[in-house]
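Structural description and commentary
Residues per chain are reported as follows:
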Amino acid sequence: MGDLIDAASISAIAAFFAVPVLGGAAILLDANRHHGAARITRIAAFVLVGLMLALVAALLTAALGQTSSGG
């Protein structure tokens, strides 16, 4: 169970840091008039964070299932 919770924590931390990194990249791309690339970067940020949070939810659900079944 501890491994699942560790993996969920790492995924949540990665999602937390992905937002400012990708947001900063989008701002820089916008400032350099690469609007198409900035839009793609923003979309990628939303998709990546959504997938990471879904992974966190799945891992925590699995950990909770192991706890309730006595594993």
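Up top you'll find the structure we're talking about.
This is a predicted model, so every value here is computed, not measured.

Let's shift gears to the overall build of the protein. A tally of helices and strands in the protein yields two helices and zero strands. At 16 Å, the protein has a C-alpha radius of gyration far larger than the 11 Å of a compact globule built from 71 residues. For the protein, the spread of C-alpha atoms along the principal axes amounts to about 55 × 15 × 10 Å. Taking all 71 residues of the protein together, the buried fraction comes to 18%. Accessible area for the protein stands at about 4,900 Å²; split by element, carbon and sulfur atoms hold 75% of it.

Judged by side-chain polarity, Met1, Ile5 and Leu60 come together as a nonpolar surface patch covering roughly 250 Å² of accessible area. Mapped onto the elements of the fold, methionine 1 is located in the segment before helix 1 (2-31). The exposure class assigned to methionine 1 is partly exposed, which follows from its relative accessible area of 44%.

With that settled, the discussion passes to the environment of serine 11. By secondary structure assignment, the location of serine 11 is in helix 1. When its relative accessible area of 7% is taken as the criterion, serine 11 is described as buried. When sequence neighbours within four positions are dropped, the list of residues in contact with serine 11 reads Met52, Leu55, Val56 and Leu59. Engagement of the side chain of serine 11 in a polar contact is seen with the backbone oxygen of alanine 7, the distance being 2.9 Å.

Below, the discussion takes up the packing of helix 1 against helix 2 (residues 35-68). Packed helices, taken two at a time, are described by the angle between their axes plus the distance between the axes. Between helix 1 and helix 2, the least distance of the axes is 9 Å, while the angle of their chain directions is 170°. Classified by the angle their axes make, helix 1 and helix 2 are roughly antiparallel. By residue class, the composition of the contact of helix 1 with helix 2 is 26 nonpolar, four polar and two charged.

Attention now moves to the pattern of salt bridges. Enumeration over the complete set of coordinates arrives at one salt bridge. Arginine 42 is the salt-bridge partner of aspartate 30, the closest N and O atoms lying 2.2 Å from each other. Taken together, the residues span a long stretch of sequence, with aspartate 30 in helix 1 and arginine 42 in helix 2 at a distance of 12 residues. Owing to a relative accessible area of 26%, aspartate 30 belongs among the partly exposed residues under this scheme. In this structure arginine 42 comes out as partly exposed when scored by relative accessible area, which is 36%.

Conventions we followed
Residues numbered from 1 in each chain as written. Predicted model: local features only at pLDDT ≥ 70, side-chain atom pairs only at ≥ 80, totals over all residues. Heavy atoms only, no water. Helix = DSSP H or I, 4+ residues; strand = E, 2+ residues; numbered from the N terminus. Rg over C-alpha atoms; globule rule 2.2 N^0.38 Å. Buried < 20%, exposed > 50% of the residue type's maximum accessible area, 1.4 Å probe, protein only. Areas by Shrake-Rupley, 256 points an atom, 1.4 Å probe, with all protein chains shown as cover. Patch = residues over 30% accessible without salt bridge, like charges linked within 9 Å, V, L, I, M, F, W, Y side chains within 5 Å. Salt bridge = Lys/Arg side-chain N within 4 Å of Asp/Glu carboxyl O. Contact = heavy atoms within 4.5 Å. Polar contact = N/O pair within 3.5 Å; in protein donor to acceptor, adjacent residues only side chain to side chain. Axes fitted to C-alpha atoms, helices over the stretch in contact; angles between N-to-C directions. Parallel < 35°, antiparallel > 145°, perpendicular 65-115°, else oblique. Nonpolar A, V, L, I, M, F, W, Y, C, P; charged D, E, K, R; others polar.

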